[in-house]
Amino acid sequence: MLLTSKYSLPDCPEHTLARPRLLSLLNDSHSDQLLLVTAPAGYGKTTLISSWAATQDNPVAWYSLDASDNEPSQFCRYLVESVHRATGNGVPETHKLLTAQQRPDPALVISQLLAELRGLPSELRIVLDDYHQIDNEAVHDATRFLLRHAPAGIGVVLTSRSQPPLGLASLRVQGRLLELGSDELALNTEEIAQLLRQRLPFTLDSDRAEQLHQLSEGWPPAVQLFALSVRDREEVDRYLGELEQGHSHILDYLAEEVLERLDPQLRELLACTSILTRVNAHLAEHLSGLDGGQQLLEQAARRGLFLQAQDSSRQWFRYHPVFARFLQRQLTDPARLLELHRTACDTWQQLGQPLEALRHALAAEDKERMRQLLSEQGEQLLREGQTRILNDCLDWLGADELRRNARFTLIAAKMARDNFEHDRCEKLLAAAESWLQREDPQRWREYEGAFAAARAQAAVARGQTLLAKEYAEEALGLLRDEQTGERIAALLVVGETGFCLGELEPASAHMQEVEALALAEQDYPSAAWAICQQTEIAIAQGLLKKAASLQERAQRLIEEHLLTGLPISEFICRLRGQLMWEQGDLDAAAACARRGMQINRKVGERWLLPEYTLLLKVAQARGEKEESLEWLARIDRLLAGERYHRDWVANADAARMRTWRALTDQPAIAAWLEQAAPVADRPSNHFEQCHGRNHVRALIELHRWSDANRLLSRLQQVARECGLITDCLRNLVLEAHLLWLREQRDGAVNAIREALSIAVERDFSASFLQIGKPLIVILKAALEDGLSEAEADKAQELIRLAQQQPELDGGIRIELDETIIREILDSDAVPDFLRHSPLTPREWQVLNAIHSGLSNERIARHFKVAPSTIKTHIRSLYQKLDVKDRQEAIALAEQMLRSVQDQP
């Protein structure tokens, strides 16, 4: 008796995710190719092939294999039965042959089968599902015979957890083999997002979907379990934490599907090496005590045990992280686990991999190994951005160990500084200085210059520019020639303080010298930092093309020296994102932000503030209200719980301010202004200027226009003195808006004209668009008064961009003047009767205010007149517009305003 389920096409599970990118690959394959789909358990091999087979016009013969199919006669019977049924009883002679013989010869059966198939009028695909169940060489011989002699139009599809031993090299060379592996079958970020949109009762934000992708590496069961387990937003982080530790349901699945099927020797090797981030034969043999490490690793990889080769020579392998966490659960003896970590530490040291060695020294709780590695390699690991492991090791060693070891103190202090923990940084330095001065003065003299350099870096991060400069100059006088790392750090501080003090040209020249010194010392992270500082200086000078060139140079440097995972790489991405946003390339800006998030997520969410800020600015520019509110909430949460450099805070506040303005959230603006830090007396750098403009914007929204004007004048005076060209332009745009609101038309036009003269032949766009729709009116007024040809071209370009930029609330926002009113009256959107009985300028303004949703009382306060006067204007314009009520007036105003605002 044959089981029909073994030769029937299986039903696709309900809610199967459509995978067009894979289905298109399968549809483009040739009928005489072998389609080989290999991946570990759970990757959806059967689901993919069955969903593809269900869409085929030509017949598909399906054969689901299990362990019993290792008997050759059974293999032949099911193979023939599946083909016979799929082809509409198309191989009757072969079917009779099997019926007549109790133990048929496989070669004879397949020869007869292929002979009959040559006369088949259509193409045929034969699917052998779960081929990893086969270990009988006689069945492999039969399959090889089938592949070698299949006539044109007859194709075979194999799904398997392991590479089948079928001698496929010749098919590969002939181009007759199409292979899909776990890399192709893994869900990508877009597919995960699509699946979660179908399954979850709420919308999961894109970076959480990306985090799920990183933790699961696209393994479908982990994603499916997420969709089944998470019912609301509050459960998202809990599940992701469980996945990182090893979710119990996933562990049960792997135990049943994978571990129970392994022989003891292979199980031992996998468990012992699962503590490694990557493994080769040398490590495998040392940790497991087994010989033949290379053969065992290759066997595990061939069997589809979530072990992937990392290089073409197949010397290095890596476990899927979910499987590695599962295997680690099998190591239940604590003493043995510690010994494995000590062995791993020593072996990694032999291989010249101090980071890996340090990880295992910490896991082994081995103080001596940890001290040795930190003393020899700690500073280099710090430069490489390995702060998490360094912090964990120093915390484990304890405060007393730090106080007695100047080298460890400096590492801990630098990490505290970079984490904006300024008080902790100074406390660490002071405690070590006190102990060394008292107990080991000779040692203190050796490290005094290094401590001064560390304090200089801490001061500049804290915004104490003059103090930072003093410490840096002191350090340069104390440091010995061989202390090149500290000398470069002090020199960087000298250049950065010059930049902060508005000394742009000297600071840029100084950073070029530091770059050359760092390159000579092969300190590539410091060299990249110096280039990034030059990039920021060029942006401040308005030299955006030069800045883009410098940013690309920094990017090439880190790529050439394989530093793309370091924190400096995030800084470089951020600079590119800022440049792309300024140019209006929102897709590129968002891509930079997400790349930065990938780099920084491993050190904690608090470091994602700049990326969240940029993504908020992108969402604002696209008019995406819900997306904007999501990023705004995240920024608010981070700013409430963390401390940051003024640069990050000022940029985040600028983005927040624009969202509040767009949504007319005056209480939020007033609350911010009440608690915001005061503007510096001399805002001589880009972040103090940005902070000052945030104050100006808040004052404008709260109708404190005189205060806004005074502050803006101070900002502009300092910006001109320091050559902060970009800030000059942004101040001018804001000044134009303020003057326009104060009905000082000529002053507004003069300010925007000067801004345009700066922007000509530069890539400035977004800086103009920050004032929103009023830009359209101001630019049109400037065009009417007369501009140079280049300025007029730039103005027209900016008008087009402003017209295309949507508002967050989806409404129309525009300030009216005579130019705009004439355009409205000339458009087809205006009823004829309005041309004969035109509105007065004040009635147009009142109509615009009604359209903006203002009450009569607010309109009266805005124009500083009595409410009765506004009611008189409203009655008059209702009569002229021939409308009965406020809603009809709003609808007509919407139609007319769109005629000039949303021109393509």
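All values derive from a computational prediction rather than experimental measurement.

Trainee: Looking at this structure, I do not really get the overall build of the protein chain. What am I missing?
Mentor: A tally of regular secondary structure across the protein chain gives 49 helices and 7 strands. In terms of its C-alpha atoms, the protein chain occupies a principal-axis envelope of roughly 105 × 90 × 45 Å. Taking all 904 residues of the protein chain together, 54% fall into the buried category. If you take every contact in the protein chain between residues at least 6 apart in sequence, the share linking residues at least 24 apart comes to 69%. Summing over all exposed atoms, the protein chain offers an accessible surface of approximately 39200 Å²; the carbon and sulfur share of this is 48%. Side-chain charges in the protein chain split into 103 positive and 133 negative, and the spacing between the mean points of these groups amounts to 2 Å.

Trainee: Any chance you could explain the sheet that holds strand β1 (residues 34-38) here in plain terms?
Mentor: Paired through backbone hydrogen bonds, the strands of a sheet run either parallel or antiparallel to each other. Pairing is parallel across the open sheet formed by 5 strands, whose spatial order is β2-β3-β4-β1-β5. Whereas interior strands pair on both sides, the edge strands pair on one side only; in this sheet they are β2 (60-64) and β5 (177-180). Each neighbouring strand pair of the sheet contributes to a mean axis angle of 15°, computed without reference to strand direction. Sheet topology places β1 next to strand β4 (residues 154-160); 5 bridges connect them, and they run parallel. Bridging from a neighbouring strand, L36 pairs with L158 of β4.

Trainee: In this structure, what is going on with the nonpolar core? I would like to understand it.
Mentor: The nonpolar side chains of soluble globular proteins are, as a tendency, buried together. I752, F768 and L775 are the most contacted members of the largest nonpolar core, which totals 117 residues. Broken down by element, this core gets its largest block of residues, 10 residues, from helix α29 (residues 524-540). Residues L22, A227, A284 and A450 belong to the second largest nonpolar core, which totals 105 residues.

Trainee: Explanation requested: α29 in the structure shown.
Mentor: Between its first and last C-alpha atoms α29 spans 24 Å; for 17 residues at 1.5 Å apiece the expected length is 24 Å, and the two agree. Of all 17 residues in α29, 16 are buried, a share of seventy percent or more.

Trainee: What exactly am I supposed to notice about empty space enclosed by the protein here?
Mentor: Gaps left between atoms show up when a probe the size of a water molecule is rolled over them. With the rule as written, the count across this model stands at 5 cavities of 30 Å³ or more. The volume enclosed by the largest cavity comes to roughly 750 Å³. Surrounding the largest cavity, 37 residues form its lining, W581, K617, N651, C690 and R730 being those nearest its centre. Breaking the lining of the largest cavity down by element, the ones donating at least two residues are α29, α31 (567-583), α33 (609-622), α35 (646-662), α37 (686-701) and α39 (725-741). Looking at the lining of the largest cavity element by element, the count peaks at 8 residues for α35. Its residues placed into classes, the lining of the largest cavity shows 18 nonpolar, 8 polar and 11 charged.

Trainee: What's the story with helix α48 (residues 867-881) in this structure? I'm lost.
Mentor: In an α-helix, one turn spans 3.6 residues; hence positions three or four apart end up facing the same way. Helix length check: α48, at 15 residues, gives a terminal C-alpha distance of 21 Å against a target of 21 Å (1.5 Å per residue), a fit within 8%. When we look at burial in α48, the residues that qualify are I870, I874, L877, Y878, K880 and L881. Here the buried residues of α48 occupy an arc of 160° about the axis, which is enough to place them on one side. Across α48 from its buried face, at more than 90 degrees, point the exposed residues R875 and Q879.

Trainee: Just to check I follow, could you spell out the packing of aromatic side chains for this structure?
Mentor: The geometry of two aromatic rings is summed up by the distance between their centres and the angle between their planes. A full pass over the atoms with the stated rule returns 12 aromatic pairs. Judged by centre distance (5.8 Å) and plane angle (10°), the rings of W316 and W348 are stacked. Here W316, found in the loop between β6 (307-309) and β7 (317-319), pairs with W348, found in helix α18 (residues 334-350); they are 32 residues apart in sequence, far enough to count as distant. Take W348: its relative accessible area is 0%, and that puts it in the buried class. Centroid distance F420 to Y644: 5.6 Å. Interplanar angle 65°. Geometry classified as edge-to-face. With a gap of 224 residues between them, F420 in the loop between α23 (406-418) and α24 (422-439) and Y644 in the loop between α34 (625-641) and α35 connect regions that are remote in the sequence. With relative accessibility at 12%, the residue Y644 sits in the buried group.

Trainee: Would you mind going over the pattern of salt bridges with me for this structure?
Mentor: Opposite charge on two side chains lets them pair, provided their charged atoms get close. Taken as a whole, this structure holds 50 salt bridges when the rule is applied. Between D400 and R403 there is a salt bridge, with the nearest N and O atoms lying 2.7 Å from each other. Remark: R403 and D400 occur in helix α22 (residues 399-404); sequence separation between them is 3 residues, near one turn of the helix. Residue D400 is classed as partly exposed on the basis of its relative accessible area, which comes to 37%. Of the charged contacts in the structure, one is a salt bridge between E605 and R637, with a shortest N-O distance of 2.6 Å. Taken as a pair, E605 in the loop between α32 (586-600) and α33 and R637 in helix α34 lie far apart in primary sequence, 32 residues in all. For E605, a relative accessible area of 26% corresponds to the partly exposed category.

Reading guide: rules and limits
Residues numbered from 1 in each chain as written. Predicted model: local features only at pLDDT ≥ 70, side-chain atom pairs only at ≥ 80, totals over all residues. Heavy atoms only, no water. Helix = DSSP H or I, 4+ residues; strand = E, 2+ residues; numbered from the N terminus. Buried < 20%, exposed > 50% of the residue type's maximum accessible area, 1.4 Å probe, protein only. Contact = heavy atoms within 4.5 Å. Areas by Shrake-Rupley, 256 points an atom, 1.4 Å probe, with all protein chains shown as cover. Lys, Arg positive; Asp, Glu negative; His and termini not counted. Charge placed at Lys NZ, Arg CZ, Asp CG, Glu CD. Pairing = 2+ DSSP bridges. Axes fitted to C-alpha atoms, helices over the stretch in contact; angles between N-to-C directions. Core = buried A, V, L, I, M, F, W, Y, C linked by side-chain atoms within 4.5 Å. Expected span 1.5 Å × (residues − 1). 1 Å grid on protein atoms, 1.4 Å probe; cavity = no way out; pocket = protein on both sides within 12 Å on 5 of 7 lines; lining within 4 Å. Points joined across faces, edges and corners; volume = space filled by probe spheres on them. Nonpolar A, V, L, I, M, F, W, Y, C, P; charged D, E, K, R; others polar. Arc of directions from axis to C-beta. Phe/Tyr/Trp six-rings, centres within 6.5 Å; stacked < 30°, edge-to-face > 60°. Salt bridge = Lys/Arg side-chain N within 4 Å of Asp/Glu carboxyl O.

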